[in-house]
There are 2 protein chains.
Amino acid sequence: MTPGGEFDWIERLLRPLTRGAPEALDLLDDAAVLPSRPGFDLAVTKDAMVAGVHFLPDDPPDLVARKLLRVNLSDLAAKGAEPYGAFLAIAWPAGTDWAFKEIFVRGLAQDGEAYRLPLLGGDTVSTPGPLTLSATLLGWVPAGEAVLRRGAQPGDVLAVSGPIGDGWLGLDDAKRGLEGRLADLYRLPEPRLDLLSSIRKAAAAADISDGLLADAGHIAKASGCAVRIELDRTPLSSEAAAWLAAQPDRTQALLQLATGGDDYQVAAAFRGAVPEGFTAIGAFEAGRGVHVVAGGAAVAVDRLGWSHA
Amino acid sequence: MTPGGEFDWIERLLRPLTRGAPEALDLLDDAAVLPSRPGFDLAVTKDAMVAGVHFLPDDPPDLVARKLLRVNLSDLAAKGAEPYGAFLAIAWPAGTDWAFKEIFVRGLAQDGEAYRLPLLGGDTVSTPGPLTLSATLLGWVPAGEAVLRRGAQPGDVLAVSGPIGDGWLGLDDAKRGLEGRLADLYRLPEPRLDLLSSIRKAAAAADISDGLLADAGHIAKASGCAVRIELDRTPLSSEAAAWLAAQPDRTQALLQLATGGDDYQVAAAFRGAVPEGFTAIGAFEAGRGVHVVAGGAAVAVDRLGWSHA
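One numbering rule holds for all chains: residues counted from 1, following each sequence as written. Numbering of ligands from 1 and lettering of chains from A proceed in the order in which they are written. Predicted model: local features are reported for residues with pLDDT of at least 70 only, side-chain atom pairs are reported and counted for 80 or more only, and whole-chain, interface and lining totals are derived from all residues. Calculated side-chain values reflect all of the structure's heavy atoms, with hydrogen atoms and water omitted.

Enquirer: So what exactly am I meant to see when it comes to the relation of the copies chain A and chain B here?
Expert: Two copies of one chain are present, and they are related through a rotation about an axis combined with an axial shift. Superposing copies: least-squares fit, C-alpha atoms only, residues required to have pLDDT of at least 70 in both. Mapping chain A onto chain B leaves a residual RMSD of 0.0 Å; the transformation is a rotation of 180° accompanied by 0.0 Å of translation along its axis. Read as a symmetry element, the transformation amounts to a two-fold axis. Ranked by how close their C-alpha atoms come to the rotation axis, the residues of chain A are headed by Gly129 of chain A, at 2.1 Å. Throughout, a residue-residue contact means that at least one pair of heavy atoms, one from each residue, lies within 4.5 Å. The overlap is high: 98% of the interface residues of chain A also sit at the interface in chain B, so the same surface is used on both sides.

Enquirer: Would you mind going over the packing of aromatic side chains with me for this structure?
Expert: Within a pair of aromatic rings, the relevant descriptors are the distance that separates the centres and the angle that separates the planes. We call Phe, Tyr and Trp rings a pair once their centres come within 6.5 Å, taking the six-membered ring for Trp, and we label the pair stacked below 30 degrees between planes, edge-to-face above 60, and tilted otherwise. On inspection of all chains with the given rule, the structure shows 12 aromatic pairs over all chains. Ring centres of Trp92 of chain A and Phe100 of chain A lie 6.1 Å apart, and the angle between their planes is 90°; this geometry places the pair in the edge-to-face category. The interplanar angle of 80° and the centroid separation of 5.3 Å between the aromatic rings of Trp92 of chain B and Phe104 of chain B together place this pair among those described as edge-to-face. Of this pair, Trp92 of chain B sits in strand β3 (residues 82-93) while Phe104 of chain B sits in helix α3 (residues 98-114), and the two are 12 residues apart along the sequence. Helical segments are the DSSP runs of H or I of at least four residues, strand segments are the runs of E of at least two, and each set is numbered from the N terminus.

Enquirer: How should the sheet that holds strand β12 (residues 297-299) of chain B be read in this particular structure?
Expert: Within a sheet, adjacent strands bond to each other through the backbone by hydrogen bonds, running parallel or antiparallel. Residues and elements named next belong to chain B. What makes two strands pair is DSSP finding at least two bridges between them. Ordered by their spatial adjacency, 7 strands build an open sheet running β7-β9-β6-β10-β8-β11-β12, and the pairing between neighbours is mixed. Edge positions in the open sheet fall to β7 (204-207) and β12, since each of these has one partner strand only. Taken over all neighbouring pairs, the strand axes of this sheet differ in orientation by 30° on average, direction set aside. Of the strand pairs in this sheet, strand β11 (residues 289-294) and β12 are connected by 3 bridges, and their pairing is antiparallel. Considered in β12, the bridge of Val293 is made with Ala298. Axis definition: a line fitted to C-alpha atoms, over the contacting stretch in the case of helices. Angles run 0 to 180 degrees between N-to-C directions. Contacts from helix α7 (residues 212-223) reach β6 (157-160), β7, β8 (226-230), β9 (266-270), β10 (279-285) and β11 within the one sheet, and its direction differs from that of β8 by about 150°.

Enquirer: Would you take a moment to explain α7 of chain B for this structure?
Expert: Owing to its 3.6 residues per turn, the α-helix brings residues three or four apart onto one side. Residues and elements named next belong to chain B. Multiplying one less than the number of residues by 1.5 Å gives the expected span of a helix. Taking 1.5 Å of rise per residue, 12 residues should cover 16 Å, and α7 covers 16 Å from first to last C-alpha, within 8% of that figure. The rule is simple: take the accessible area with a 1.4 Å probe, protein chains only, and divide by the maximum for that residue type; under 20% is buried, over 50% is exposed, in between is partly exposed. Of all 12 residues that make up α7, 11 are buried, and the element is covered over most of its length. Restricting attention to buried positions, one finds in α7 the residues Leu212, Leu213, Ala214, Asp215, Ala216, Gly217, His218, Ile219, Ala220, Ala222 and Ser223. After α7 finishes, the residue Gly224 shows a positive phi value of roughly 70°.

Enquirer: Can you walk me through the UniProt feature "binding site: Mg(2+) 5" (unreviewed entry) in chain A in this structure?
Expert: UniProt positions are given in the numbering used here, feature names are shortened, and annotations may be inferred rather than shown by experiment. Those residues carrying the UniProt feature "binding site: Mg(2+) 5" (unreviewed entry) are Asp210 of chain A in this numbering. As for its placement among the helices and strands, Asp210 of chain A is situated in the loop between β7 (204-207) and α7 (212-223).

Enquirer: Looking at this model, I keep getting lost on the side chain of Arg149 of chain A. Mind explaining?
Expert: Along the chain, Arg149 of chain A turns up in the loop between β5 (132-142) and β6 (157-160). A relative accessible area of 5% means that Arg149 of chain A is categorised as buried. There is a polar contact of 2.9 Å between the side chain of Arg149 of chain A and the side chain of Asp30 of chain B. With near-sequence residues (within four places) excluded, Arg149 of chain A lies in contact with Ala204, Ala205, Ala206, Asp215, His218, Ile219, Ala222 and Ser223 of chain A together with Leu28, Asp29 and Asp30 of chain B. Pairs of N or O atoms within 3.5 Å make up the polar contacts considered here, provided that, within protein, one atom can donate a hydrogen while the other can accept it, and that residues adjacent in sequence are counted only when both atoms are side-chain atoms.

Enquirer: Please explain the domain arrangement of chain A as it appears in this structure.
Expert: Often, the extent of an interface is quoted as the loss of accessible area on bringing the components together. Residue and element names in this part refer to chain A. In terms of domains, chain A is made up of domain 1 (6-142) and domain 2 (157-299). In this structure, domain 1 and domain 2 have C-alpha centres spaced 27 Å apart. Residue-level contacts link 24 residues of domain 1 with 19 residues of domain 2. Note on terms: buried area is the combined drop in 1.4 Å-probe accessible area of two parts once they are placed together, counting the loss on both. Summed over both partners, the interface of domain 1 with domain 2 comes to about 1700 Å²; 65% of that surface belongs to carbon and sulfur atoms. By convention in these notes, a salt bridge is any Lys or Arg side-chain nitrogen within 4 Å of a carboxyl oxygen on Asp or Glu. Seen at the junction of domain 1 and domain 2, the total is 1 salt bridge. Across the salt bridge formed by Asp59 and Arg187, the nearest N and O atoms sit 3.0 Å from each other. The interface formed by domain 1 and domain 2 contains 5 residue pairs in polar contact (both at pLDDT 80 or more). Those domain boundaries reflect an automatic or database domain assignment.

Enquirer: Would you explain the interface of chain A and chain B in this entry?
Expert: Facing the 65 residues of chain A at the interface are 64 residues of chain B. Taking both sides of the interface into account, the surface hidden between chain A and chain B amounts to around 5300 Å²; carbon and sulfur atoms contribute 57%. Put simply, Asp26 of chain A and Arg150 of chain B hold a salt bridge, and the shortest N to O gap is 3.0 Å. Taken together, the elements giving at least two residues each to the side of chain A that touches chain B come down to α1 (6-14), β1 (32-35), β2 (40-50), α2 (61-79), β3 (82-93), β4 (119-127), β5 and α7 of chain A. In terms of residue count, the dominant contributor to the side of chain A that touches chain B is β2 of chain A (10 residues).

Following this line, the structure appears as structure tokens:
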């Protein structure tokens, strides 16, 4: 540890991010110490992001930092868990300057405030490769009430929490240098923590990061059943609806929206009434696999979604 | 998520690493769900490692995997915490083959067994850069008994759990292609979980990863006091003693051993008797900073240890 190096970075930039949480031990320690919370389970999620793979290398550093938190917050939301704290591992490319780090930290601070999410610990290293980030997020959920991917049964309704395809359209816009609401949303997804009480009513759930078809398929697979998805019922934003209307093949275009990924909505299985905030788009069935219907006919699907791996 | 891709990797290679822990949800989910354990606190540590920075690019993948777990286990040991579970983020360089991954996983399995440490979750991504790893390890410690870096007071004894300098000598051997006990120990440090009951008696502790001087300094700084280290009292292995005897300047050589890092012993502050397994090498004092003594004289120190950052 070089004097003037890691300690300055920790004291000046990172410590304010702890928001005074005693668990963080002022980031003076190699570990955080968290009290147990009787009556609650701890949901733990860990996602990694690499420049050039999960975000564009010239994306603004504050937005990258916020996206890192938000993709993990989305995983907590899908579990029905209330955010508790974050641990970050950051591998800076050689020569990353202080100004870049300051902007990155500004993003962490902004969403730390928005989601009341303290930084509890982590590690900072250097790398000869691209900026590489990993966040471990912890959230509390009432004991036994975590919503898992397993838990769907034949007969359950498949429902989603909002528009599908905006993430893919936004990525496309961002890649072509087009600014607007969808490019913003791609860079800064909105985890559905506003729907926690509805999500906790679900029999199973997953956030939509790989694509609607893939993530609904994950629920089906984990639950040992099949899922039928009616593409004509998927909610679309006005931008996605306009894009769809301009495409020559409506079914293929709907498939594209449903496999593009990065939506960060929640797909869930409900037994009985679909709660506020969700739209029914299909059902879980006996069997295996993902069955897609559009325009009243079955659609052959050759890939379910996007893999970052 | 490509069929035949991430799921195969998870099902065939990673799932056995959960050791049947129900918290892992068979790695079918985006999060793990952990029950609270009333009467215990959860220690959480997160360390990252990058090929070419924290390990040699041609180090055997199974040893790299085991070192990743062990450096984090060492952080838990220094807190007095009993290992509970691990989360891993792995960024594979493009083109990493299945055989490499299998060997890496074999290392995880071997130390998962040795330390009864289940894999509870994580993320696997690809990178255009070097192999980049991050582990988040969780451990239980009786409520309120975690040993922190803060907690030392003037008058406390500074003690260490074993030989100092072997990590640096082992790195030097490994870099020069010399095989032997120290090169093995550099690649595969031994976290001092065998000393948990002694460590829990400490007023403050840290594992020695950056170097004895740096890590004793971390304790002093976090505790708001100074520390005096008597280099002539540091325990040495027979290999380190032989190396020392061959050096022209004994004090400079002792300093080298005390600043090299990667020892993964524990430095601790004890009030009263030093428990079994520890050797007293100095004391905490009023003031600030790290004061080094060798051959009865104060030694000027220009750097305290090694920074990976």
